[in-house]
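Descriptive structure summary
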Amino acid sequence: MKLGIVGLPNVGKSTLFNSLTSAGAESANYPFCTIDPNVGVVAVPDERLGLLAKMYSSKKITPAVIEFVDIAGLVKGASRGEGLGNQFLANIREVDAIIHVVRCFEDSNVVHVDGSVDPARDIETINLELIFADLEVLERRIAKTGRSAMNDKTAKKELETLNRLKAHLEGGAPAKTMERSDDDEEDFISSLTLLTDKPVIYAANVAESDLADDGASCEYVAKVREIAASEGSGVFVISAQIEEEIAELDEDERKEFLADLGLSESGLDKLIAASYDLLGLMSFLTAGEQETRAWTIKKGTKAPQAAGKIHSDFERGFIKAEVVNYKDLLDCGAYSAARDKGLIRMEGKEYVVRDGDVILFRFNV
């Protein structure tokens, strides 16, 4: 999973990236300090892995990971090359979802590129630039498709979709809010890789004083939540500065620090949960003496396709899956004990994998 962190300059993007990845991206109180996209890979916290690894005496633990891309601040006119422009819009095309950082705090020491804090205006600025970039893509595609639509039914249908999309975007709405007529249209629109068709999670970057109640008393956060609800996007509240401090602590100190702030989880934990929920993801597990590992898949994935995440041969030669719930396995203390109790199921090609399944795939190629 690759997530792109975007926003206006000086809203806390690179600070958030640093805290999430400890990758040390330059963070400074001026626009465009991030010239090239910074990339950091973060392990997804999963206590199930440690418990299973202990039971199996595994030599290696491999968690699921999320790749974060810190993309330089966009400004008005970015789609026309203003600021550092199109190169950053191209970076956004490569991600699975967008983390849109929105400034929701007042601080006279941190310059705002537009002179004041206004989440609605800031969100509109970024969204319009993404819309303008998508319109350029659509106009080129319309010109190309129009030439073949006269004699090709498929091209004619695609042209109708493209024109409908163009009108939708020109109305100021993102592509993801346009209703699809059928699965074929959904697949076609997805193939366009439009920026405004990507899932979005708004990161409301607040002052420390607004963290304890999850931004409930902050009018800026309320505005972000209202906008997110209107477009079906996610929201989580974070203080990038606090997260950066948390990242420097060890596990015990981190828990104590969070408790002092009245928090039960870090911003990274909230972001991962929001990302998995928004993208419809979950993890199944494999465990053994050599390795205990988490594999990220889409909810609704069937056993052969889950096996294919491990190796294409597993999917191609799939025979069956031996499945046990990780809690049942841990309660039994050993795989053999779970088998003796009848808790290990033999599942076929139509089995839909569940979160927390521990699976041993049988295959033949």
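Quick look at the structure, then.

Rules behind the numbers
- Residues numbered from 1 in each chain as written.
- Predicted model: local features only at pLDDT ≥ 70, side-chain atom pairs only at ≥ 80, totals over all residues.
- Heavy atoms only, no water.
- Salt bridge = Lys/Arg side-chain N within 4 Å of Asp/Glu carboxyl O.
- Helix = DSSP H or I, 4+ residues; strand = E, 2+ residues; numbered from the N terminus.
- Buried < 20%, exposed > 50% of the residue type's maximum accessible area, 1.4 Å probe, protein only.
- Axes fitted to C-alpha atoms, helices over the stretch in contact; angles between N-to-C directions.
- Parallel < 35°, antiparallel > 145°, perpendicular 65-115°, else oblique.
- Left-handed = near helix turned anticlockwise from the far one by under 90°.
- Contact = heavy atoms within 4.5 Å.
- Expected span 1.5 Å × (residues − 1).
- Arc of directions from axis to C-beta.
- Polar contact = N/O pair within 3.5 Å; in protein donor to acceptor, adjacent residues only side chain to side chain.

Right, let's talk about the pattern of salt bridges for a bit. Enumeration over the complete set of coordinates arrives at 21 salt bridges. Salt-bridge contacts for Lys2 lead to Glu67; the nearest nitrogen and oxygen are separated by 3.7 Å. With Lys2 in strand β1 (residues 2-6) and Glu67 in strand β4 (residues 65-70), this pair connects stretches of sequence that are 65 residues apart. For Glu67, a relative accessible area of 26% gives the class partly exposed. Asp134 is paired through a salt bridge with Arg93; the nearest N and O atoms lie 3.7 Å apart. Residue Asp134 is located in helix α4 (residues 119-146), and its partner Arg93 is located in helix α3 (residues 86-93); the two are separated by 41 residues in the primary sequence. Within this structure, Asp46, Arg48 and Asp355 form a network of salt bridges that share partners.

Contact geometry for helix α5 (residues 153-170) and helix α6 (residues 183-191): axes closest at 11 Å, N-to-C directions at 65°. If you check the angle between α5 and α6, you find them roughly perpendicular. The hand of the α5/α6 crossing is right-handed. Contacts between α5 and α6 involve Lys157, Glu158, Thr161, Leu162, Arg164 and Leu165 on the former and, on the latter, Asp184, Glu185, Phe188 and Ile189.

What follows is about α5. Between its first and last C-alpha atoms α5 spans 26 Å; for 18 residues at 1.5 Å apiece the expected length is 26 Å, and the two agree. Of the residues making up α5, those classed as buried are Ala155, Leu159, Thr161, Leu162, Leu165 and Leu169. One side of α5 carries all its buried residues, which in axial view fall inside an arc of 165°. Relative to its buried face, α5 has exposed residues pointing more than 90 degrees away, namely Lys153 and Glu160. Between a side-chain oxygen at the N-terminus of α5 and the backbone nitrogen of Thr154 the separation is 2.9 Å; the capping residue is Asp152. Immediately beyond the C-terminal end of α5, within one or two residues, lies Gly172, with a positive phi of roughly 90°.

None of this, on its own, says anything about what the molecule does.
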